[in-house]
Amino acid sequence: MTQHETDLHSEFQRADLFLAMGQPAEAARVLEGVLAAEPDDQATMELLARSYFASAQLGRAEQLLTRLVEVAPANAWARRALARTLERQSRADDAAVHHRLADALGAA
């Protein structure tokens, strides 16, 4: 692992800890930098989307989850998270499509 990769991994872990401690906005701030450095990293996208959702940044969560399902259409977790994000925005019809896909993919 290069120093850059080590630093990004440490930042990812730090953000995960912030989220676990109930500080999703701080987690999101850290993860935005990680995602800027590694824009295609799906694990970072997922954790950042969780952080956005938990801090009620629903527009940002929707945007990132939409990108994630475009990159990984069989990601059942992302489909379910997108559906829940849409529901929180009172968009049940849009959410239903993603709930059905998540169910078909075996999401819990």
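Scroll up to find the structure this text is about.
Position labels on residues start from 1 in each chain and follow its written sequence. For a predicted model such as this one, the threshold for reporting local features is a pLDDT of at least 70, and the threshold for listing and counting side-chain atom pairs is 80 or more; totals across whole chains, interfaces and linings nevertheless cover every residue. The side-chain quantities take in all heavy atoms of the structure and omit both hydrogens and water.

This part covers the packing of helix H2 (residues 24-37) against helix H3 (residues 42-54). Helices that pack against each other are described as a pair by the angle of their axes relative to one another and the distance between those axes. All axes here are fitted lines through C-alpha atoms, helices being fitted over the stretch that makes contact, and every angle between N-to-C directions spans 0 to 180 degrees. A run of H or I in DSSP counts as a helix once it spans at least four residues, and a run of E counts as a strand once it spans at least two, with each numbered from the N terminus. The geometry of H2 relative to H3 is characterised by a closest axis approach of 8 Å and an angle of 150° between their N-to-C directions. Considering the angle they form, H2 stands roughly antiparallel to H3. Seen along the crossing, H2 lies across H3 with a hand that is left-handed. Of the residues in H3, those touching H2 at Pro24, Ala27, Ala28, Leu31, Glu32, Val34 and Leu35 are Thr44, Met45, Leu47, Leu48, Ser51, Tyr52 and Ala54. Should an angle fall under 35 degrees it is taken as roughly parallel, and over 145 as roughly antiparallel, whereas 65 to 115 is taken as roughly perpendicular and any remaining angle as oblique. The crossing is said to be left-handed when, going from far helix to near helix, the turn is anticlockwise and less than a right angle, and right-handed when the turn is clockwise. The contact definition used throughout considers only heavy atoms, calling two residues in contact when any of these lie within 4.5 Å.

Below, the discussion takes up the pattern of salt bridges. Every case where a carboxyl oxygen of Asp or Glu lies within 4 Å of a side-chain nitrogen of Lys or Arg is listed as a salt bridge. A complete count under the given rule lists 6 salt bridges for this structure. Ionic pairing is found between arginine 29 and glutamate 26, a salt bridge with its closest N-O pair at 2.4 Å. Of this pair, arginine 29 and glutamate 26 are both found in helix H2, 3 residues apart, which corresponds to roughly one turn of the helix. We call a residue buried when its accessible area falls under 20% of the maximum for its residue type, exposed when it is over 50%, and partly exposed in between, using a 1.4 Å probe and counting protein chains only. Looking at arginine 29, the relative accessible area reads 47%, which means it is partly exposed. Residue aspartate 103 pairs with arginine 80 through a salt bridge whose shortest N-O separation is 2.6 Å. Linking aspartate 103 in helix H6 (residues 92-104) with arginine 80 in helix H5 (residues 76-88), this pair joins segments that are 23 residues apart in sequence.

Turning next to the packing of H3 against H5. Contact geometry of H3 with H5 gives a least axis separation of 11 Å together with a crossing angle of 20°. On the basis of the axis angle, H3 is roughly parallel to H5. As for the relative orientation of H3 and H5, their crossing is left-handed in sense. Contacts between H3 and H5 involve Glu46, Ala49, Arg50 and Phe53 from the first element and Trp77, Arg84, Thr85 and Arg88 from the second. In terms of residue class, the contact of H3 with H5 is built from 3 nonpolar, 1 polar and 4 charged. Each residue gets one of three labels, nonpolar for Ala, Val, Leu, Ile, Met, Phe, Trp, Tyr, Cys and Pro, charged for Asp, Glu, Lys and Arg, and polar for the others, Gly among them.

From the geometry alone we can't say anything about function, so treat these as descriptive.
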